[in-house]
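Each chain is listed here by its residues.
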Amino acid sequence: SGFGIRDKSGNVLVPEASLATIFPGESLGDPIVVYDNYADRFIIMQFSNTPNGFLIAVGQGPDPVNDGWFTYRFNTGSFPDYEKLSIWSDGYYITANKDQNNPSGNDVVFAVERDKMLIGDANAQFVGFPLPGAQTSGFYSPGGSHSTGPNLPPVGTGHSILYLQDDSWSGVSQDHIKVWTTDVDWSNLANSTISQPQQINTTPFDSVFDGGSFSNLPQPSGSDLDALQATMMYMTTYRRFGTHNSIILNFVVDLDGNDDLAGIRWYELRQSGDGQPWTIFQEGTYVQPDGLSAFCGSMAMDAQGNIGLAYTVVSTSTFPSIRYTGRLASDPLGTMTLTEQIGVNGTQVDPSFRYGDYGQMTIDPADDMTFWHTAEYFTGGARKNHVVAFKLQPDTPDTEAPTAPTNLTASGTTDVSTTLSWDPSTDNVGVTGYDVYQDGVVVASTANTTVDIIGLTPATTYDFFVIATDAAGNESASSNTVSVTTNAPDTQAPSAPANLTASNITSSSTELSW
């Protein structure tokens, strides 16, 4: 397996090369590449069987061409097939098709210590979790929550793992989605836990093709293609808004009961706040308008809540080809309203029944609006990948300011410092930070809702207020103003100790008391 690096215009920066150039002696494959926009680093992952585990390379700086890589190995016992990586505040999370006959009794989801990996610390830890109560029907692939947008969830926010459950599988009586939440303690890994699952019942679906086999969807000739069933397609993306958090996800479903026509079941889940239960905000089934199978979906959400969906189409008369659609946040729920667009048309069949394994769609952090998608097609006698970039909505200036912070208070005031706290603001897109003003001048900026102010003068009164900002530079009205008077300096010396006496005197020691 190999990799290459191109710029956004498609110019080659690093020609295709073996993964062994980054991981010496290791090129087994299933590579994943993600960009951690919160750290301005690229991440590359592949699996290994010498011994079983996964390998992760973290850019030593923002330039993947010149800055070099920190590399790590994490051994997993059994083989972590079909591994996928998600970015979160307290770690990189990895899911895999591992121990498929008993995911509830084995570690099948892993977190690795992001903070240490970003600085090249060879002592970066990892921790594994089972999926209690998970049912499978052979090959399976859960999805981790991949954070997108300008803000990571606060450290300490649990990471959600999601997996579909089909009522045609043994042990499942109702079609639903299970959600597990992790709690990682890097200071004491033994304290790390994963929750019992939340069950989110769905409208009925049929995700089984040909009893779970890998040969399902007809193409113009040759083998039927693998529909990639029982898989949360990459990525299950997470985004924070001022009023809620969202996760979007998709998987392939059988449309006609004959196991030869595929569509895409997709969802937007929401929670009202961190730690709150997830609920279905919208769900839909995308049916390709020309009667083709649509599968291998990948989804992302932009800053305005618009959703992009790209996928592969195939039929007895259509070679494997890439298409995309989408919806605006204001569109009727559960529908993809954008007329299907062509990413690229294939010109020949897949010579194998195995197809793609996954496509990948990401949102460009430069504008938080451009969708980038890559997937597989066939032309010129070769298996190739094609990249397409698109926007769902013209650049619409965000002119709505956040609400003003409320309930600003001061506590812990000393002669030279005080601590300010306030209730968070909300915004139509998302609050990115807070500016703290001292006597009308900004003295601190933070993404949190508390800040320590230091370097104050004793016995002096200061006026503080806070203003919230968003990514477009809109500023809220100011919070309430709080006046803080620092304590007077302590100039009084202690009284002198009295009644000093000596006792238990020897040739070399004595005891003093006073």
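Coordinates for the structure precede this section.
Thresholds applied
Residues numbered from 1 in each chain as written. Predicted model: local features only at pLDDT ≥ 70, side-chain atom pairs only at ≥ 80, totals over all residues. Heavy atoms only, no water. Pairing = 2+ DSSP bridges. Helix = DSSP H or I, 4+ residues; strand = E, 2+ residues; numbered from the N terminus. Axes fitted to C-alpha atoms, helices over the stretch in contact; angles between N-to-C directions. 1 Å grid on protein atoms, 1.4 Å probe; cavity = no way out; pocket = protein on both sides within 12 Å on 5 of 7 lines; lining within 4 Å. Points joined across faces, edges and corners; volume = space filled by probe spheres on them. Nonpolar A, V, L, I, M, F, W, Y, C, P; charged D, E, K, R; others polar. Core = buried A, V, L, I, M, F, W, Y, C linked by side-chain atoms within 4.5 Å. Buried < 20%, exposed > 50% of the residue type's maximum accessible area, 1.4 Å probe, protein only. Contact = heavy atoms within 4.5 Å.

(A) Quick look at the sheet that holds strand β5 (residues 52-59). If you walk across this open sheet you meet the four strands as β3-β4-β5-β6, and the pairing is antiparallel. The open sheet has two edge strands with one neighbour each: β3 (29-36) and β6 (69-75). The mean angle between the axes of side-by-side strands here comes to 20°, regardless of whether they run parallel or antiparallel. For β3 and strand β4 (residues 41-49), the ladder comprises six bridges, and the chain directions are antiparallel. Note that in β4 the partner of I32 across the bridge is M45.

(B) Molecular detail of the layout of surface pockets. The calculated volume of the second largest pocket comes to roughly 760 Å³. As for the second largest pocket, its lining consists of 33 residues, and the residues nearest its centre are N151, P154, R240, V431 and A447. Elements supplying a minimum of two residues to the lining of the second largest pocket: α1 (114-118), β16 (236-240) and β29 (431-438). If you tally residues by element for the lining of the second largest pocket, the top one is β29, at four residues. When grouped by side-chain class, the residues that make up the lining of the second largest pocket number 12 nonpolar, 16 polar and five charged.

(C) Inspection of the nonpolar core at higher detail. Counting residues in each nonpolar core, the largest one holds 40 residues, and the members touching the most others are I56, L85, M117 and F295. Look past the residues within four positions of M117 in its chain and what remains in contact with it is I56, V58, F70, Y72, F74, Y92, V112 and A124. If you look at the next biggest cluster of nonpolar residues, it comprises 35 residues, including W88, V127, L162 and L249.

(D) Highlighting the sheet that holds strand β28 (residues 418-423). Sheet architecture is open: three strands sit in the order β27-β28-β31, paired in antiparallel fashion. Edge positions in the sheet fall to β27 (406-411) and β31 (450-453), since each has one partner strand and no second. Geometrically, the sheet is characterised by an average inter-axis angle of 20° between neighbouring strands, direction not taken into account. Here β27 pairs with β28 via four bridges, running antiparallel. Counterpart to T409 in the pairing with β28 is S421.

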